[in-house]
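Analysis of the macromolecular model
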Amino acid sequence: QVQLVESGGGLVQAGESLRLSCAASGRTFSTYVMGWFRQAPGKEREFVAAITWSGSNIYYADSVKGRFTISRDNAKNTVYLQMTSLKSEDTAVYYCAQAPTTVAVTTKALYRYWGRGTQVTVSS
């Protein structure tokens, strides 16, 4: 089993920044893909960003491209999501997820393990 724990959420003003962290523990895969998803109230959980083990392949949702940056520290089994120029529409619960694949994927169903999420609220 893999446990994922997100941290770093909070309440910020529009235009400000936040950095989310996700620590993985348990049976981690040596070549796993890590991703971030988010779910706003009344909406489906949506893809935000994904990164492969080496960091050579990274994908972003169009809505966050240029504002969010995903990165990882494999020595610490931690993945990060740096969020800048935050907007009110970024308000959501942000989830970290792990997919047992070497290819960066954006499809929610391909992620096997999920964290419990961290709330990000952006006030305008």
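Residues numbered from 1 in each chain as written. Predicted model: local features only at pLDDT ≥ 70, side-chain atom pairs only at ≥ 80, totals over all residues. Heavy atoms only, no water.

**Quick notes on the sheet that holds strand 8 (residues 78-83)**
Defined as follows: Pairing between strands is defined by DSSP: at least two bridges between them are needed. By the criteria applied, helices consist of DSSP H or I runs no shorter than four residues and strands consist of E runs no shorter than two, each listed in order from the N terminus. Lines fitted to the C-alpha atoms define the axes, with helices restricted to the stretch that makes contact. Angles between their N-to-C directions range from 0 to 180 degrees.
Pairing is antiparallel in the open sheet, where four strands are placed in the order 1-3-8-7. Of all the strands in the sheet, just strand 1 (2-7) and strand 7 (68-73) have a single pairing partner and so form its edges. Here the average twist between neighbouring strands, direction ignored, is 15°. For strand 7 and strand 8, the ladder comprises six bridges, and the chain directions are antiparallel. Within strand 8, the position partnered with serine 71 by the bridge is tyrosine 80.

**Structural notes on the state of the cysteines**
As used here, a disulfide is simply a covalent bond connecting the sulfur atoms of two cysteines. To keep things clear, this is the line we draw: Any two cysteine sulfur atoms lying within 2.5 Å of each other are counted as a disulfide. Only protein chains enter the calculation, and the probe is 1.4 Å; a residue is then buried if its accessible area is under 20% of its type maximum, exposed if over 50%, and partly exposed in between.
Under the criterion given, the structure shown has one disulfide. The disulfide partner of cysteine 22 is cysteine 96, and the gap between their sulfur atoms is 2.0 Å. Because the torsion about its S-S bond is -75°, the bridge between cysteine 22 and cysteine 96 counts as left-handed. With cysteine 22 in strand 3 (residues 18-26) and cysteine 96 in strand 9 (residues 92-99), this pair connects stretches of sequence that are 74 residues apart. Of the two residues, cysteine 22 and cysteine 96, neither departs from the other in class, the shared state being buried.

**Re empty space enclosed by the protein**
The cut-off we apply is this: Here the term cavity refers to a set of points on a 1 Å grid, laid over the protein atoms alone, in which a 1.4 Å probe fits but cannot get out; the term pocket refers to an open set having protein on both sides within 12 Å along at least five of seven lines, with lining residues being those that place an atom within 4 Å of a point. Grid points are joined across faces, edges and corners, and a volume is the space filled by probe spheres set on the points. When residue character is reported, Ala, Val, Leu, Ile, Met, Phe, Trp, Tyr, Cys and Pro are called nonpolar, Asp, Glu, Lys and Arg charged, and the others, Gly included, polar.
For the structure on display, the rule yields one cavity of 30 Å³ or more. Around the largest cavity, the lining residues are Cys22, Ala24, Tyr32, Met34, Arg72, Asn74, Asn77, Thr78 and Val79. When residues of the lining of the largest cavity are traced back to their parent elements, those giving at least two are strand 3 and strand 8. Taken together, the residues that form the lining of the largest cavity break down as five nonpolar, three polar and one charged.

**Describing the pairing of strand 1**
Here strand 1 shows one buried face, formed by Val2, Leu4 and Glu6, and one open face, formed by Gln3, Val5 and Ser7. Summarising the sheet, strand 1 and strand 3 pair through six bridges and their orientation is antiparallel. Across the sheet, residue valine 5 finds its bridge partner in strand 3, namely alanine 23.

**Here we look at the pairing of strand 3**
Judged from the six bridges that link them, strand 3 and strand 8 form a sheet pairing that is antiparallel. Looking at strand 8, one finds that alanine 23 is bridged to threonine 78.

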